[in-house]
Amino acid sequence: MRDEDYGLFGPGSVTWRVMGEPVLMVGGVRALLLQALHPRSMWGTAQNSELMDPQAAWARLGRTVEFVRVRTYGTHEEVDRVGRRIRKLHSKLTGLDMRTGETFRIDDAENLLWVHMGEVDSYLDVARRAGVPLSDADADRFVDEQRRAAEVVGLDPAGVPATVAEMRDYYEGMRPHLWACKEARVGLRRMFNPNVPRQMLPLKLAAPGIGMLVVATLPRWARRMYGLPGLPTSDIAATLTLKGLYRTTHVLPQRIRYSPDAKRARELTREHQEAVSTWSIAS
């Protein structure tokens, strides 16, 4: 295999197998809605970023997508660079607790961990419900691999859930501290009518349907916090829709289906698997 810097994950990782699938875009938006249910996380975001500004939110979201891309596929040098930048930025920011008037740090460990787990849970939940081939062991590996991503934003990996069971326990412990503040509800409404660049007008037209799907993928308790029905029938409908999207994207040729980074990751993974198979036969 070529001597190359594969960054945090690389060939053979569950992360590379999962993150390139187009259906994971649903998971990315789901993560934002889930993360918004932590009041301090939402207030810190609203008070320090352009996410709540309809004119600038799209550019801000684009920067977040680029961060995830580099963290997933970038070299160690590239990941270190974006990690230093984000940690430096967060270290300078504070938020105001709208209930108590207390000032808090944006890089508070509880806040960073909540945002991290929102991503991990959302990507994994959408992938598994869509039908991406993942065993229970693969799911645990994905959660464990993502502790490397947690370190990029300044968390100690030792304090980050490493299995699906640990992640489930984490959410059970957090639920009493969660609720949908005014800013979270505003963000939910804007998802159905986003302000997008003119060249992306089709996305605006599709937003209501996409929004309904994303909301339906949230845990029932999260939907109820937003004042929406948390019915089992919504779970079933969301799962069937995700499976349909996943199968539909797999009808497309790989050159169209995957981003350049995802295509490269798949090629490297294929080379890795062939090398492992050759080594196993030779031994």
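Owing to the predicted nature of the structure, the values given are computational and were not obtained by experimental measurement.

Draft legend 1. Local environment of the overall build of the protein chain. Along the backbone of the protein chain there are 14 helices and two strands. Taking 19 Å as the expected radius of gyration for a compact globule of 283 residues, we find that the protein chain reaches 19 Å, a close match to that expectation. Dimensions along the principal axes, computed over C-alpha positions, put the protein chain at roughly 65 × 40 × 40 Å. Evaluated residue by residue, the protein chain yields a buried proportion of 45% over its 283 residues. Excluding contacts between residues fewer than 6 apart, the proportion of contacts in the protein chain whose partners are at least 24 apart in sequence is 70%.

Draft legend 2. How the structure looks around the layout of surface pockets. The space that makes up the second largest pocket amounts to roughly 460 Å³. Surrounding the second largest pocket, 19 residues form its lining, Arg30, Asp121, Asp125, Arg168 and Pro219 being those nearest its centre. Of all the secondary-structure elements, those providing two or more residues to the lining of the second largest pocket are helix H2 (24-35), helix H6 (109-130), helix H8 (164-174) and helix H11 (220-225).

Draft legend 3. Representation of the pattern of salt bridges in the model. Within this structure, the stated rule accounts for 20 salt bridges. With its nearest N and O atoms 2.5 Å apart, the salt bridge here joins Arg220 to Asp235. A residue pair is termed long-range when its members are at least 10 positions apart, and Arg220 in helix H11 and Asp235 in helix H12 (residues 232-249) qualify at 15 residues. You can call Arg220 partly exposed: its relative accessible area is 36%. Given a relative accessible area of 16%, Asp235 falls into the buried group.

Draft legend 4. Just the packing of helix H10 (residues 201-217) against H12, in detail. Their axes nearest at 8 Å, the elements H10 and H12 cross at an angle of 120 degrees. Accordingly, the angle class assigned to the pair H10 and H12 is oblique. Two packed elements cross with a definite hand, and for H10 against H12 that hand is left-handed. Contacts between H10 and H12 pair Leu213, Ala216 and Thr217 from the former with Ser234, Asp235, Ala238, Thr241, Leu242 and Leu245 from the latter.

Draft legend 5. Here's a closer look at the side chain of His38. Checked against the element boundaries, His38 lands in the loop between H2 and helix H3 (39-48). Judged by relative accessible area, His38 falls into the buried class, the value being 5%. If we ignore the near neighbours within four places in the chain, the residues touching His38 are Glu110, Trp114, Met174 and Leu178.

Draft legend 6. View of the packing of aromatic side chains. Enumeration according to the criterion identifies seven aromatic pairs in this entry. Their ring planes at 65 degrees and their centres at 5.5 Å tell us that Trp114 and Tyr171 sit as a pair that is edge-to-face. Of the two residues, Trp114 is situated in helix H6 and Tyr171 in helix H8; the sequence distance between them amounts to 57 residues. The class for Tyr171 is buried, based on a relative accessible area of 7%.

Draft legend 7. Seen up close, the environment of Val68. Tracing the backbone through its elements, the reader meets Val68 in helix H4 (residues 57-73). Relative accessible area serves as the criterion here: at 12%, Val68 is assigned to the buried category. With 185 residues separating them in the primary sequence, Val68 and Pro253 have C-alpha atoms 24 Å apart. Discounting chain neighbours no more than four positions away, the residues touching Val68 are Met19, Glu119 and Tyr123.

Draft legend 8. Looking closely at a nonpolar patch on the surface. There is a patch of nonpolar side chains on the surface, built from Leu32, Leu61 and Val65 and spanning about 220 Å² of accessible area. Within the secondary structure layout, Val65 lies in helix H4.

Draft legend 9. Region of the structure containing H12. Taking 1.5 Å of rise per residue, the 18 residues of H12 would be expected to cover 26 Å, and the 26 Å separating its terminal C-alpha atoms lies within 8% of that figure. Within H12 the residues assigned to the buried category are Asp235, Ala238, Thr239, Leu242, Tyr246 and Thr249. Burial along H12 is one-sided: seen end-on, the buried residues are contained in an arc of 100 degrees. Relative to its buried face, H12 has exposed residues pointing more than 90 degrees away, namely Thr233, Ile236, Leu240, Arg247 and Thr248.

Draft legend 10. Representation of H2 within the structure. In a regular helix each residue adds 1.5 Å, so 12 residues correspond to 16 Å; H2 covers 16 Å between its end C-alpha atoms and thus fits that length. Listed in full, the buried residues belonging to H2 are Leu24, Val26, Gly27, Arg30, Ala31, Leu33, Leu34 and Gln35.

Draft legend 11. Examining the nonpolar core more closely. If you look at the biggest cluster of nonpolar residues, it comprises 72 residues, and the most contacted ones within it are Leu37 and Tyr226. Looking at this core, the element that brings in the most residues is H6, giving 10 residues. Excluding residues within four positions of it along the chain, Tyr226 makes contact with Leu33, Ala36, Leu37, Ala180, Ala184, Arg185, Leu188 and Leu218.

Draft legend 12. Spatial organisation of the environment of Ser259. Within the secondary structure, Ser259 sits in the loop between helix H13 (254-257) and helix H14 (260-282). Classification of Ser259 as partly exposed rests on a relative accessible area of 34%. For the pair formed by Ser259 and Glu151, sequence separation is 108 residues and the distance between their alpha carbons is 25 Å.

The rules behind the values
- Residues numbered from 1 in each chain as written.
- Predicted model: local features only at pLDDT ≥ 70, side-chain atom pairs only at ≥ 80, totals over all residues.
- Heavy atoms only, no water.
- Helix = DSSP H or I, 4+ residues; strand = E, 2+ residues; numbered from the N terminus.
- Rg over C-alpha atoms; globule rule 2.2 N^0.38 Å.
- Buried < 20%, exposed > 50% of the residue type's maximum accessible area, 1.4 Å probe, protein only.
- Contact = heavy atoms within 4.5 Å.
- 1 Å grid on protein atoms, 1.4 Å probe; cavity = no way out; pocket = protein on both sides within 12 Å on 5 of 7 lines; lining within 4 Å.
- Points joined across faces, edges and corners; volume = space filled by probe spheres on them.
- Salt bridge = Lys/Arg side-chain N within 4 Å of Asp/Glu carboxyl O.
- Axes fitted to C-alpha atoms, helices over the stretch in contact; angles between N-to-C directions.
- Parallel < 35°, antiparallel > 145°, perpendicular 65-115°, else oblique.
- Left-handed = near helix turned anticlockwise from the far one by under 90°.
- Phe/Tyr/Trp six-rings, centres within 6.5 Å; stacked < 30°, edge-to-face > 60°.
- Patch = residues over 30% accessible without salt bridge, like charges linked within 9 Å, V, L, I, M, F, W, Y side chains within 5 Å.
- Areas by Shrake-Rupley, 256 points an atom, 1.4 Å probe, with all protein chains shown as cover.
- Expected span 1.5 Å × (residues − 1).
- Arc of directions from axis to C-beta.
- Core = buried A, V, L, I, M, F, W, Y, C linked by side-chain atoms within 4.5 Å.

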